[in-house]
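Chain and residue survey
Chain by chain, the residues run as shown.
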Amino acid sequence: IGDDEMEMGMGIHGEPGVWRDKLRTADVIAEEMMDRLLADIEIKPGDHVSVLVNSLGATPHEELYILYRIAQARLQSVVATIVMPLVGRYATSMEMTGVSFTLCKLDDELEGYLKAPCDCAFWSVR
């Protein structure tokens, strides 16, 4: 991929994506990512949702938060409650540029697991 190109949907190990085209703005990309996710999972008013905005390695936190604000706004627009949003490097691939979004609709049991106290090398909840 050239410096002025990007790929939507590329896998963490370089698997082919949905499309390859000219670089687009962060807002346009985040909106498309949310469109695709919200088409796949029904989020209703009052639902609790966990959001992960994950750097693939080389994407800095500042850029992740720019993308997260779109995910947050879209979920707020459907009156969903975001629980413990995760923005950072969680699943990386050799300093690869890019980002992944993950949405998980929570029931009481899953939300309890997400909030459960733990302390290990890469995950801490107090």
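Placed above this text is the structure.
As the structure is a computational prediction, the values presented were derived from the model and not from experiment. (Residues numbered from 1 in each chain as written. Predicted model: local features only at pLDDT ≥ 70, side-chain atom pairs only at ≥ 80, totals over all residues. Heavy atoms only, no water.)

1. Observations regarding the overall build of the protein
Scanning the protein from N- to C-terminus turns up three helices and eight strands. When its helices and strands are written in sequence order, the protein yields β-β-α-β-α-β-β-β-α-β-β. At 15 Å, the protein has a C-alpha radius of gyration in line with the 14 Å of a compact globule built from 126 residues. Principal axes of the C-alpha set define a box for the protein whose edges measure 45 × 35 × 25 Å. Across the 126 residues in the protein, those meeting the buried criterion constitute 34%. Here the analysis covers contacts within the protein between residues at least 6 apart in sequence; of these, 70% occur between residues at least 24 apart. As displayed, the protein offers around 7900 Å² of accessible surface, 55% of which is attributable to carbon and sulfur atoms. A distance of 2 Å separates the average location of the 11 positive side-chain charges in the protein from that of its 21 negative side-chain charges. (Helix = DSSP H or I, 4+ residues; strand = E, 2+ residues; numbered from the N terminus. Rg over C-alpha atoms; globule rule 2.2 N^0.38 Å. Buried < 20%, exposed > 50% of the residue type's maximum accessible area, 1.4 Å probe, protein only. Contact = heavy atoms within 4.5 Å. Areas by Shrake-Rupley, 256 points an atom, 1.4 Å probe, with all protein chains shown as cover. Lys, Arg positive; Asp, Glu negative; His and termini not counted. Charge placed at Lys NZ, Arg CZ, Asp CG, Glu CD.)

2. A word on the nonpolar core
The biggest cluster of nonpolar side chains holds 21 residues, and the ones touching the most others in it are V49, V51, V53, L75, V99 and F101. Per-element accounting of this core gives the leading share, six residues, to helix α2 (residues 61–77). Those residues within four positions of V51 in sequence are excluded, and the remaining contacts are Y68, A71, L75, I82, M84, P85, L86, T102 and L103. (Core = buried A, V, L, I, M, F, W, Y, C linked by side-chain atoms within 4.5 Å.)

3. Some words on the pattern of salt bridges
The final tally for this structure, using the stated rule, is 10 salt bridges. Across the pair E32 and R24 runs a salt bridge, and its minimum N-O distance is 3.7 Å. By relative accessible area, R24 is classed as partly exposed at 32%. (Salt bridge = Lys/Arg side-chain N within 4 Å of Asp/Glu carboxyl O.)

4. Some thoughts on the packing of helix α1 (residues 26–40) against α2
Packing of α1 against α2 brings their axes to within 9 Å, and their N-to-C directions diverge by 45°. Viewed along their axes, α1 and α2 adopt a mutual orientation that is oblique. Note that α1 runs across α2; the crossing there is right-handed. Two secondary-structure elements touch here, α1 through A26, D27, A30, E31, M34, D35 and L38 and α2 through I66, L67, R69, I70, A71, R74 and L75. A per-class count over the contact of α1 with α2 returns nine nonpolar, no polar and five charged. (Axes fitted to C-alpha atoms, helices over the stretch in contact; angles between N-to-C directions. Parallel < 35°, antiparallel > 145°, perpendicular 65-115°, else oblique. Left-handed = near helix turned anticlockwise from the far one by under 90°. Nonpolar A, V, L, I, M, F, W, Y, C, P; charged D, E, K, R; others polar.)

5. Topic: the side chain of D47
Relative to the helices and strands, D47 is located in the loop between α1 and β3 (48–55). Residue classification places D47 among the buried residues on the basis of a relative accessible area of 15%. A distance of 2.7 Å separates a polar atom in the side chain of D47 from the backbone nitrogen of K44. Filtering out sequence-adjacent residues up to four positions away, D47 remains in contact with E42, A80, T81 and K105. (Polar contact = N/O pair within 3.5 Å; in protein donor to acceptor, adjacent residues only side chain to side chain.)

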